[in-house]
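A look at the structure
Listed here are the chains, written in short residue letters.
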Amino acid sequence: MNEHVSLPAADDAATRSNSRKVFIKTYGCQMNVYDSTRMGDALASDGYVTTEDMGEADLILLNTCHIREKAADKVYSALGRLRDMKKARQAQGKELMIGVAGCVAQAEGEEILRRSPAVDVVIGPQTYHRLPDALKQARSGTRVVDTEYAVEDKFEHLPATSKAQIRSRGVTAFLTVQEGCDKFCTFCVVPYTRGSEVSRPVSQIIDEAKRLVDAGVREVTLLGQNVNAWAGEGPDGRNWSLGDLLYKLADIPGLARLRYTTSHPRDMDDKLIEAHRDLRALMPYLHLPVQAGSDRILKAMNRRHTGAEYLRLIERIRAARPDIAMSGDFIVGFPGETDQDFEDTLKIVEEVNYASAFSFKYSTRPGTPGADLTDQVPEEVKTERLERLQALLLKQQADFATSCVGKTIDLLLEKPGRMPGQVIGRSPWLQSVNVDAKTSQIGEIIRVRIIGTGPNSLFAEPAESLMGS
Ligand code: SAH
Ligand code: SF4
Ligand code: F3S
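Residues numbered from 1 in each chain as written. Chains lettered and ligands numbered in written order. Predicted model: local features only at pLDDT ≥ 70, side-chain atom pairs only at ≥ 80, totals over all residues. Heavy atoms only, no water.

Quick word on the confidence of the model for the protein chain
Of the residues in the protein chain, 95% reach a pLDDT of 70 or more, and the chain-wide mean stands at 93. For the stretch residues 1-16, pLDDT sits under 50, and the model shows 42 contacts to residues farther than four places along the chain or on other chains. (pLDDT = per-residue confidence, 0-100. Contact = heavy atoms within 4.5 Å.)

Written out as structure tokens, the structure reads:
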């Protein structure tokens, strides 16, 4: 969450020299990271190449997040800086177009054009396949807002990602299988910015996964705002849930690892839990946000489950896959949260014992039911609660890392490390692991022994028997 990711440029020297260049800045969740890659695809078919150097871009596209006030504010301060850059560029007689995509675009639409005169195009998460058209229109002098939910399926209209482009992005990839949310948690903007739950069809997903694997991808993370609400008709004519889809994807030769995120506790069905028991390719890591521990607050948040139900669910998941690492999201200071409610959050964290987690102060979002609640928690109380919660979660994370020392694990080698001769890989539990290996081995899965922990990563040495890929 909240990582800033700029896409690496595709290594496509032929088109590089005289085509337009786009710099895409991504805020927010993994779904935005995926969308940025697909916007890159849409623009590639329009003659653009992606660049990592904002200074040489002809188009700067901000793919934005609206989840908390701070995330949305970042966009406007970035737009302020871009306005100056555009002016400087225009003074040299050169073009610089500015686009705003993603969830702020969806939520604020016209308001962005009003507040930010430098913006040429505002495009929503469901309409970005029309980006080339919008840019054309903007170039002819009409600023564009395109945030209508498209009737056509954007995935049907997007050009497929080229092999070169997939390769440039590495051996792990995201694949959005589900979008939108019908849950309407009372704090959350996602149902408004992303619309209602839609699942991509099985064949589309399988085709995309195969293309990724053909281009060298070894690990695919299925994405959705509520990924485990994915549903579709299987080739056998039955209604499939995410569990069925995972069994099917696990059969793709060369696809070594599968993950999925983010899940809602209400949608963890038996098939999905069985998939964790049966599928070697399905990594033993599950991000399953609970948000709070108090039943009163869970109810006010409209999470539609109790703390005890969540704990029972985790027990069942751990019975199916004992080595699973749990991850979660938490909000402190939801309106009306008392000291006792907050103690219940700490209690549920103690009971679950998380391997990693994200925690946030409640941020009032205009248009959500939470914004109408009067008993807001004072900022200093939120700060104090967040500090206590994060101290506990960090301790659990560190304890989990320490418990890995001495273990021999499979490591997917992903990218060069900071030191020459080192490669960074990912453990089954999503930890970064540094190991001595050759960069030519990137994409292989090797056996390593964990020998130590660092602040945000682990250290390992190759185990005697190499498994190869
Ligand atoms: N669909 C996912 C999460 C989407 S948003 C789910 O249901 O879990 C990611 C996280 O941001 C949420 O899990 C929540 O912890 C946090 N979040 C969402 N709205 C927020 C708000 N108004 N204030 C603070 N945190 C929020
Ligand atoms: Fe937001 Fe709740 Fe939907 Fe998650 S399930 S996206 S928190 S409304
Ligand atoms: Fe942010 Fe939109 Fe993702 S609001 S968290 S970018 S779905």
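A closer look at the packing of aromatic side chains
This structure, assessed with the given rule, holds five aromatic pairs. Ring plane angle 50° and centroid distance 6.5 Å describe the contact between Tyr-34 and Phe-155, whose orientation is recorded as tilted. Of this pair, Tyr-34 sits in helix α2 (residues 30-44) while Phe-155 is found in helix α7 (residues 154-157), placing the two residues 121 residues apart along the sequence. With respect to burial, Tyr-34 and Phe-155 carry one shared label: buried. Arranged with centres 5.3 Å apart and planes meeting at 85°, the rings of Phe-330 and Tyr-354 form a pair that is edge-to-face. Placement of Phe-330 in strand β16 (residues 325-332) and of Tyr-354 in the loop between α15 (339-352) and β17 (356-361) is noted, with a sequence separation of 24 residues between them. Over the ring of Phe-155 we find Arg-200; its NZ or CZ atom is 3.7 Å from the centre of that ring. (Phe/Tyr/Trp six-rings, centres within 6.5 Å; stacked < 30°, edge-to-face > 60°. Helix = DSSP H or I, 4+ residues; strand = E, 2+ residues; numbered from the N terminus. Buried < 20%, exposed > 50% of the residue type's maximum accessible area, 1.4 Å probe, protein only. Lys NZ or Arg CZ within 6 Å of the ring centre and 35° of its normal.)

Quick look at the pairing of strand β11 (residues 219-223)
The side chains of a regular strand alternate between both faces of the sheet. Of all the five residues making up β11, five are buried; the element is thus mostly covered by neighbouring parts of the structure. Of the two faces of β11, the one lined by Glu-219, Thr-221 and Leu-223 and the one lined by Val-220 and Leu-222 are each fully buried. Where strand β8 (residues 172-176) lies against β11, five bridges are found, and the strand directions are parallel. Within the sheet, the bridge partner assigned to Thr-176 lies in β11 and is Leu-223. Two elements, β11 and strand β14 (residues 257-261), share five bridges in a ladder whose sense is parallel. From the neighbouring strand, Leu-222 faces β14, where its bridge partner is Tyr-260. (Pairing = 2+ DSSP bridges.)

Section: the pattern of salt bridges
Opposite charge on two side chains permits pairing when their charged atoms draw close. A complete count under the given rule lists 35 salt bridges for this structure. Lys-183 is paired through a salt bridge with Glu-197; the nearest N and O atoms lie 3.2 Å apart. Of this pair, Lys-183 sits in the loop between β9 (178-179) and α9 (190-193) while Glu-197 sits in the loop between α9 and β10 (198-199), and the two are 14 residues apart along the sequence. Exposure remark for Lys-183: the relative accessible area of 9% places this residue in the buried category. Here Arg-388 ties to Glu-343 by a salt bridge, and the two come within 3.2 Å at their closest N and O atoms. Linking Arg-388 in helix α16 (residues 379-404) with Glu-343 in helix α15, this pair joins segments that are 45 residues apart in sequence. (Salt bridge = Lys/Arg side-chain N within 4 Å of Asp/Glu carboxyl O.)

Here we look at helix α14 (residues 307-320)
Residues separated by three or four positions in an α-helix point in the same direction, a consequence of the helix having 3.6 residues per turn. The end-to-end C-alpha distance of α14, which contains 14 residues, comes to 20 Å, matching closely the 20 Å that a straight helix rising 1.5 Å per residue would cover. Turning to α14, its buried residues are Gly-307, Tyr-310, Leu-313, Ile-314, Ile-317 and Ala-320. Viewed end-on, α14 has its buried residues packed into an arc of 140°, placing them on one side of the element. Pointing more than 90 degrees away from the buried face of α14 are the exposed residues Arg-312, Glu-315 and Ala-319. Of the surrounding elements, those touching the buried residues of α14 are α12 (270-278), β15 (285-287), α13 (295-300), β16 and α15. (Expected span 1.5 Å × (residues − 1). Arc of directions from axis to C-beta.)

Some points on the site of ligand 1
Surveying the vicinity of ligand 1 reveals 16 residues, the closest of which are Phe-187, Gln-225, Gln-291, Asp-329 and Ser-363. In the environment of ligand 1, a nitrogen atom lies 2.9 Å from a nitrogen or oxygen atom belonging to the backbone of Phe-187. Asp-329 has a polar side-chain atom sitting 2.6 Å from an oxygen atom of ligand 1. Burial of ligand 1 by the surrounding chains reaches 94%, relative to a free accessible area of 530 Å². When its residues are assigned to classes, the shell around ligand 1 shows seven nonpolar, four polar and five charged. (Near = heavy atom within 4 Å. Polar contact = N/O pair within 3.5 Å; in protein donor to acceptor, adjacent residues only side chain to side chain. Areas by Shrake-Rupley, 256 points an atom, 1.4 Å probe, with all protein chains shown as cover. Nonpolar A, V, L, I, M, F, W, Y, C, P; charged D, E, K, R; others polar.)

Quick notes on the sheet that holds strand β22 (residues 457-462)
One key point about sheets: their strands pair by backbone hydrogen bonds, in either a parallel or an antiparallel sense. If you walk around this closed barrel you meet the five strands as β18-β19-β20-β22-β21, and the pairing is mixed. Strand-to-strand twist of the sheet, defined as the mean angle between neighbouring strand axes without regard to direction, takes the value 55°. One ladder, built from four bridges, connects strand β20 (residues 432-436) with β22; its direction is parallel. In the sheet register, Ser-432 faces β22, and the bridge partner there is Ser-457. (Axes fitted to C-alpha atoms, helices over the stretch in contact; angles between N-to-C directions.)

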